[in-house]
Amino acid sequence: MNRFAPVRKRLMAVRKFPIAPVIFILIMGAFIYGVSTVSKSKVMNEKELLEDALQRDIVHCYAVEGMYPPSIRYIEEHYGLIYDKEKFIINYVNEGDNIAPSVIIIER
């Protein structure tokens with residue numbers, strides 16, 4: 001029986017190691033990673049929806065009025081475009097009545 005004593009001591013040393021805090025830290029790390037991934041995909045989805053809505057309103061304005069909208073403010077007032085101005089910046093450059101505007105959406 002004496003020859004198995006060192007193995008028992010090693011097992012006892014392993015049991016004394018606090019495994020619960022390590023598991024807790026791993027679970028919290030996975031949770032935080034998951035939340036950040038979902039948040040990033042949500043912002044990308046919002047940006048795509050804003051691009052689609054803006055393009056739809058621009059084309060609708062051209063079809064109805066025969067000219068492209070002169071500004072973003074015009075689209076907001078006449079076509080009901082609503083977006084989070086604290087989250088996105090829209091760079092809208094109108095080059096003429098019959099030339100499609102250049103639109104760039106930037107996340108803040």
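Structure's up top.
Rules of the game
Residues numbered from 1 in each chain as written. Predicted model: local features only at pLDDT ≥ 70, side-chain atom pairs only at ≥ 80, totals over all residues. Heavy atoms only, no water. Helix = DSSP H or I, 4+ residues; strand = E, 2+ residues; numbered from the N terminus. Buried < 20%, exposed > 50% of the residue type's maximum accessible area, 1.4 Å probe, protein only. Areas by Shrake-Rupley, 256 points an atom, 1.4 Å probe, with all protein chains shown as cover. Phe/Tyr/Trp six-rings, centres within 6.5 Å; stacked < 30°, edge-to-face > 60°. Lys, Arg positive; Asp, Glu negative; His and termini not counted. Salt bridge = Lys/Arg side-chain N within 4 Å of Asp/Glu carboxyl O. Contact = heavy atoms within 4.5 Å. Pairing = 2+ DSSP bridges. Expected span 1.5 Å × (residues − 1). Patch = residues over 30% accessible without salt bridge, like charges linked within 9 Å, V, L, I, M, F, W, Y side chains within 5 Å. Core = buried A, V, L, I, M, F, W, Y, C linked by side-chain atoms within 4.5 Å.

K.L.:
I tried to follow the overall build of the protein chain on my own but got confused; where do I start?
P.N.:
Counting its secondary structure elements, the protein chain contains three helices and two strands. Every one of the 108 residues in the protein chain was classed for burial, and the buried ones make up 19%. Here the protein chain displays about 8600 Å² of accessible surface, and carbon together with sulfur accounts for 63% of that area.

K.L.:
Which parts of the structure should I look at to understand the packing of aromatic side chains?
P.N.:
To describe a pair of aromatic rings, one takes the distance between the centres and the angle between the planes. Applying the stated criterion to the full structure yields one aromatic pair. Ring centres 4.3 Å apart and planes at 15 degrees place the aromatic pair Tyr62 and Tyr68 in the stacked group. Under the relative-accessibility criterion, Tyr62 is labelled partly exposed at 32%. Since its relative accessible area comes to 15%, Tyr68 is described here as buried.

K.L.:
I keep staring at the side chain of Asp57 and nothing clicks. Help me out?
P.N.:
Tracing the chain through its elements places Asp57 in helix 2 (residues 19-65). Buried charged residue Asp57 carries no salt bridge. Nearest counter-charge: Arg56, at 4.4 Å. Asp57 has contacts with Ile75, Tyr79 and Leu81, leaving out every residue within four places of it along the chain.

K.L.:
Hey, could you run me through the environment of Tyr62 in this one?
P.N.:
Structurally, the position occupied by Tyr62 is in helix 2. Setting aside residues up to four positions removed in sequence, Tyr62 forms contacts with Met67, Tyr68, Asp97 and Asn98.

K.L.:
Just checking my understanding: could you explain the pairing of strand 1 (residues 88-93) for this structure?
P.N.:
Successive side chains on a regular strand alternate, one facing one side of the sheet and the next facing the other. Of the two faces of strand 1, only one is covered, namely that formed by Phe88, Ile90 and Tyr92; the face formed by Ile89, Asn91 and Val93 stays uncovered. Note: strand 1 against strand 2 (residues 102-107), six bridges, orientation antiparallel. Each residue of the ladder has a partner; that of Phe88, found in strand 2, is Glu107.

K.L.:
Sorry, what's going on with helix 2 here?
P.N.:
Since the α-helix turns once every 3.6 residues, residues separated by three or four places project in the same direction. The terminal C-alpha atoms of helix 2, which comprises 47 residues, lie 69 Å apart, in line with the 69 Å expected from a rise of 1.5 Å per residue. Listing the buried residues of helix 2 in full gives Val43, Lys47, Leu50, Ala53, Leu54, Asp57, Ile58 and Cys61. Positive backbone phi, approximately 80 degrees, marks Gly66, located one or two places after helix 2.

K.L.:
How should I be thinking about a nonpolar patch on the surface in this particular structure?
P.N.:
A cluster of nonpolar side chains, Phe24, Ile25, Met28, Phe31, Ile32 and Val35, forms an exposed patch at the surface whose accessible area comes to about 630 Å². As for its placement among the helices and strands, Ile25 is situated in helix 2. Taking relative accessible area as the criterion, Ile25 reaches 58% and is therefore assigned exposed.

K.L.:
Before we go on, may I ask you to explain the nonpolar core in this structure?
P.N.:
In terms of nonpolar packing, the biggest core is built from 16 residues, with Leu50, Leu54, Ile72, Ile75, Leu81, Tyr83 and Ile90 touching the most fellow members. Those elements that place two or more of their residues in this core are helix 2, helix 3 (72-79) and strand 1. Tallying contributions element by element places helix 2 first for this core, with five residues. Excluding its chain neighbours within four sequence positions, the residues that come into contact with Ile90 are Leu50, Leu54, Ile72, Tyr83, Val103, Ile104 and Ile105.

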